[in-house]
Amino acid sequence: MSLPLGLLKTARPRQWVKNVLVVAAPAAAGELFSRHAATQLLTVFALFTAAASAVYLINDARDADADRAHPTKCRRPVAAGQVPVPVAYAVGGLLAVLAPAAAAVLCTPLTAALLAAYVVMQLAYCVSLKHVLVVDLTIVTTGFLMRAMIGGLALGIPLSRWFLITTGFGALFMVSAKRYSEAVQMSRGPERLGATRALLTEYTTGYLRFVWQLAAGVAVLAYCLWAMEEGGTANGSTLPWRQLSMTAFILAVLRYAVFADRGTAGEPEDVVLRDRALAVIGLVWAAMYGLAVADW
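Residues numbered from 1 in each chain as written. Predicted model: local features only at pLDDT ≥ 70, side-chain atom pairs only at ≥ 80, totals over all residues. Heavy atoms only, no water.

Chemist: Would you take a moment to explain the overall build of the protein for this structure?
Modeler: Across its full length, the protein carries 14 helices and 0 strands. If you list the helices and strands of the protein from N to C, you get α-α-α-α-α-α-α-α-α-α-α-α-α-α. In summary, the protein has a C-alpha radius of gyration of 20 Å against a globular reference of 19 Å for 296 residues, a match within 12%. The dimensions of the protein, computed from C-alpha atoms along their principal axes, are 60 × 50 × 30 Å. Accessible surface, the protein as shown: approximately 14,300 Å² in total, 69% of it carbon and sulfur. In the protein, 24 side chains carry a positive charge and 17 a negative one; their mean positions are 5 Å apart. (Helix = DSSP H or I, 4+ residues; strand = E, 2+ residues; numbered from the N terminus. Rg over C-alpha atoms; globule rule 2.2 N^0.38 Å. Areas by Shrake-Rupley, 256 points an atom, 1.4 Å probe, with all protein chains shown as cover. Lys, Arg positive; Asp, Glu negative; His and termini not counted. Charge placed at Lys NZ, Arg CZ, Asp CG, Glu CD.)

Below you can see the structure in the form of structure tokens.
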């Protein structure tokens, strides 16, 4: 069982939680509760997970030699020899081809096209684009945005411009906050900086701080404009929940910014799970937005 377990570990199951973003557009449109929608979204989640796993496998196979010299990455299955490099390439390549092909059969052509574009973009990132200033931030941010878009495309739901702007800049906020945190932490041990993420030596903490602050501001503004598109109460709702949700959204951004400012905003899921206040604010926001969608 060593090889299958190694392949599973290389596929980064912990990162699969990011693919829950596929429900973002259908949830915003209130299209989650039909059997067809649930089936399609489960299919899209599985296919996006397969595509992301393909990228992780190929990335680890490509970086195996460099990872062996790293103090922690040397424990990755490919670097440790648990998964042979040719096997990682083969399984990753197979998943990279099968995921868009299956999407073309099981979902819509636009879904398949977006998934294929994601695979190509991420592989280009692994090969060279992760070494290009600013472009690396753009690629990672676009990956999150694609996750948020694909559920809507699979169900034929029109995507609001404010939804796309909020999601895109919200993702850029978290990505740049993570890079800023890495730069702050690694600056305390300069000898580890280049080995951990070489491009961090090209960024300054001041620049990365500017990026996450700018992204946070644009995300908040776009969300407020999105929420204010509906004036007053919608269709006789008890309260203007969509407008009230702005408060929870802004509080969540401000709370997350605390960790970004401290240089401790690593993986977004870790930040949310370890901070109870942020988790509660997130649940309150989700409840308010859910009530707005339901016109309660």
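What follows continues from the structure just given.
Chemist: What is the right way to read the packing of helix α3 (residues 35-62) against helix α7 (residues 109-127) from this model?
Modeler: Between α3 and α7, the least distance of the axes is 10 Å, while the angle of their chain directions is 20°. The pairing of α3 with α7 is recorded here as roughly parallel in orientation. As α3 packs across α7, the resulting crossing turns out to be right-handed. Contacts between α3 and α7 involve V44, L47, F48, A51, A52, V55, I58, N59 and R62 on the former and, on the latter, T111, L115, Y118, V119, Q122, L123, C126 and V127. (Axes fitted to C-alpha atoms, helices over the stretch in contact; angles between N-to-C directions. Parallel < 35°, antiparallel > 145°, perpendicular 65-115°, else oblique. Left-handed = near helix turned anticlockwise from the far one by under 90°. Contact = heavy atoms within 4.5 Å.)

Chemist: Can you walk me through helix α1 (residues 2-10) in this structure?
Modeler: Since there are 3.6 residues in each turn of an α-helix, residues three or four apart along the chain are aligned in direction. If you check which residues of α1 are buried, you get G6, L7 and T10. Projection of α1 onto a plane perpendicular to its axis shows the buried side chains occupying an angular sector of 100°, all on one side. Every exposed residue of α1 that faces more than 90 degrees away from the buried side is listed here: L5 and K9. Its buried side turned inward, α1 meets α3, α5 (77-80) and α6 (85-106). (Buried < 20%, exposed > 50% of the residue type's maximum accessible area, 1.4 Å probe, protein only. Arc of directions from axis to C-beta.)

Chemist: What's the story with the side chain of S245 in this structure? I'm lost.
Modeler: Locating S245 in the fold gives a position in helix α12 (residues 241-262). Look at S245 and you get buried, because its relative accessible area is 0%. For S245, the contacting residues outside a window of four places in its chain are Y223, W285, M288 and Y289.

Distances and angles like these do not, on their own, reveal function.
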